[in-house]
Amino acid sequence: MVMIHRRACLSLILMIGLVLSVGCGVSRKLAGKVMPGGSELKKRVMVTTPLDLASLGPQRIAAVKQDFTVRLGKSNDVLVFSYENPLEAALANKPPFGPGAPREIIDAAERERMHAVVTWSLAPIDVDVRREGIWPFRETSRFYATTVIVNVVDVSQGAIIATHTESREFSIPEDEAEPAGLDDPIASELVNEIWDANLPDLLEAQVDNTIESLKEAPWRAILVSTEGEGLVIPAGHDTGIKVGDRFDVFTKGESVTAAGGKSYDLVGRRIGKIEVTGVTDRQATFRALSQMNLEAGMIVQHRS
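Residues numbered from 1 in each chain as written. Predicted model: local features only at pLDDT ≥ 70, side-chain atom pairs only at ≥ 80, totals over all residues. Heavy atoms only, no water.

(A) Molecular detail of the packing of aromatic side chains. One pass over the structure, following the stated rule, counts two aromatic pairs. Directly above the aromatic system of Phe143 lies the positively charged group of Arg130, at a separation of 3.8 Å from the ring centroid. (Phe/Tyr/Trp six-rings, centres within 6.5 Å; stacked < 30°, edge-to-face > 60°. Lys NZ or Arg CZ within 6 Å of the ring centre and 35° of its normal.)

(B) The nonpolar core, seen in detail. Formed by 35 residues in total, the largest nonpolar core has its most connected members in Phe68, Leu72, Trp120, Leu122, Tyr144 and Trp195. Going through the elements one at a time, strand 3 (43-47), helix 2 (58-73), strand 6 (116-122), strand 8 (139-154), strand 9 (159-173) and helix 5 (188-216) are the ones with two or more residues in this core. Sorting elements by how many residues they give to this core places helix 5 first, with 10 residues. Residues contacting Leu122, with those up to four places away along its chain left out, are Pro50, Leu51, Asp52, Leu53, Ala54, Leu56, Ile61, Val64, Thr147, Val148 and Trp195. (Core = buried A, V, L, I, M, F, W, Y, C linked by side-chain atoms within 4.5 Å. Buried < 20%, exposed > 50% of the residue type's maximum accessible area, 1.4 Å probe, protein only. Helix = DSSP H or I, 4+ residues; strand = E, 2+ residues; numbered from the N terminus. Contact = heavy atoms within 4.5 Å.)

(C) Inspection of the side chain of Ser167 at higher detail. Within the secondary structure layout, Ser167 lies in strand 9. Side-chain polar atoms of Ser167 contact the side chain of Thr147, separated by 2.6 Å. (Polar contact = N/O pair within 3.5 Å; in protein donor to acceptor, adjacent residues only side chain to side chain.)

(D) Quick look at the environment of Thr285. Along the chain, the position of Thr285 falls in strand 15 (residues 284-288). Placed 55 residues apart in sequence, Thr285 and Gly230 show a C-alpha to C-alpha distance of 8.6 Å. Apart from residues lying up to four places away in sequence, Thr285 is in contact with Glu229, Val232, Glu275, Val276, Thr277 and Gly278.

(E) View of the pairing of strand 8. Buried residues dominate strand 8, accounting for 14 of its 16 residues. The sheet contact formed by strand 6 and strand 8 spans seven bridges and is antiparallel. Counterpart to Trp120 in the pairing with strand 8 is Val150. Where strand 7 (residues 126-132) and strand 8 come together, seven bridges link them in antiparallel fashion. The residue of strand 8 that forms the bridge with Asp128 is Phe143. Connecting strand 7 to the next strand, strand 8, in antiparallel fashion are six residues, including Gly133 with a positive phi near 105 degrees. Here strand 8 runs beside strand 9; their pairing, made up of 14 bridges, is antiparallel. Paired with Tyr144 across the bridge in strand 9 is Phe170. Here strand 8 hands over to strand 9 after four residues, with Gly158 in that stretch at a positive phi of 65 degrees. (Pairing = 2+ DSSP bridges.)

(F) Broad picture of the environment of Leu190. Structurally, Leu190 is set in helix 5. Leu190 gets classed as buried once you look at its relative accessible area, which sits at 15%. Linking Leu190 and Glu178, residues 12 residues apart in sequence, is a C-alpha distance of 9.5 Å. In contact with Leu190, other than residues within four places in its own chain, are Tyr144, Phe170 and Glu178.

(G) Spotlight on the pattern of salt bridges. Summed over the entire model, instances satisfying the criterion amount to 15 salt bridges. Notably, a salt bridge pairs Glu275 with Arg246, separated by 3.0 Å at the nearest N-O pair. Within this pair, whereas Glu275 is found in strand 14 (residues 263-279), its partner Arg246 is found in strand 13 (residues 246-257), the two being separated by 29 residues in sequence. On the basis of relative accessible area, Glu275 is assigned to the buried category, the value being 14%. Asp248 is the partner of Arg270 in a salt bridge, and the nearest nitrogen-oxygen pair spans 3.7 Å. Here Arg270 is found in strand 14, whereas its partner Asp248 is found in strand 13, with 22 residues between them in sequence. The partly exposed category is assigned to Arg270, whose relative accessible area is 46%. One network of salt bridges, in which partners are shared, links Arg44, Asp238 and Arg282. (Salt bridge = Lys/Arg side-chain N within 4 Å of Asp/Glu carboxyl O.)

This is the structure:
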């Protein structure tokens, strides 16, 4: 038996920085004013395992993650990587509702030169009973709402740039519903039937939301120091960078500490431009187009 939480319980969960709209989608672009613009370059995106607030179990959650990852990977705008780490199980009690992903996941994303991380969750089923239709043919039905919440996290800033909430409903006539009480647990078979009916549309909507958010965000990378090449852009042919591409260079801005204790340098002032002179699979060399002091950790932004 699987517990079904009523609307009050789900609302409490979603109060932590999220908005719920049953039967539709809600998106919050949290950093649109500070991260304007987009780019034709691809972004590397790391997808985490969703937080299983719906109690679907590890096997079903793994299948859901695989489905989402495959759908997202069909886009020409992103390069998708799955976050697979035994440590992730220990992070399951850290809901992705705060200022960013858990520090351990951001660290892993930085090591792999990711641009963004997707953290997400499947909420408990929300049950409601209401009458619909035109008198005298109105009938009472029980509605089961399933909700998927997705956060898109910018790795360089450690901040959520967009939150998307999508909900879909599944209904049956009230006189056929079991058990009779809304607070009672229902059979796992019905829970699976509800999610089976709603998940494909939920995942497709969230993939579209995620891609749109990533396309609207600027393409940014942090300059890194390498042996032999010196400073490089940690992205190459895989993302679509080519010789002659130009990037704005920004100094490190104010340092802020996220809830998990990790410090991030905000984007500072623009000090000049660079132009790509050589490209390999995973990195690009460049030349400065103006006099400036470059150092590792500075942020470059593609000029689309």
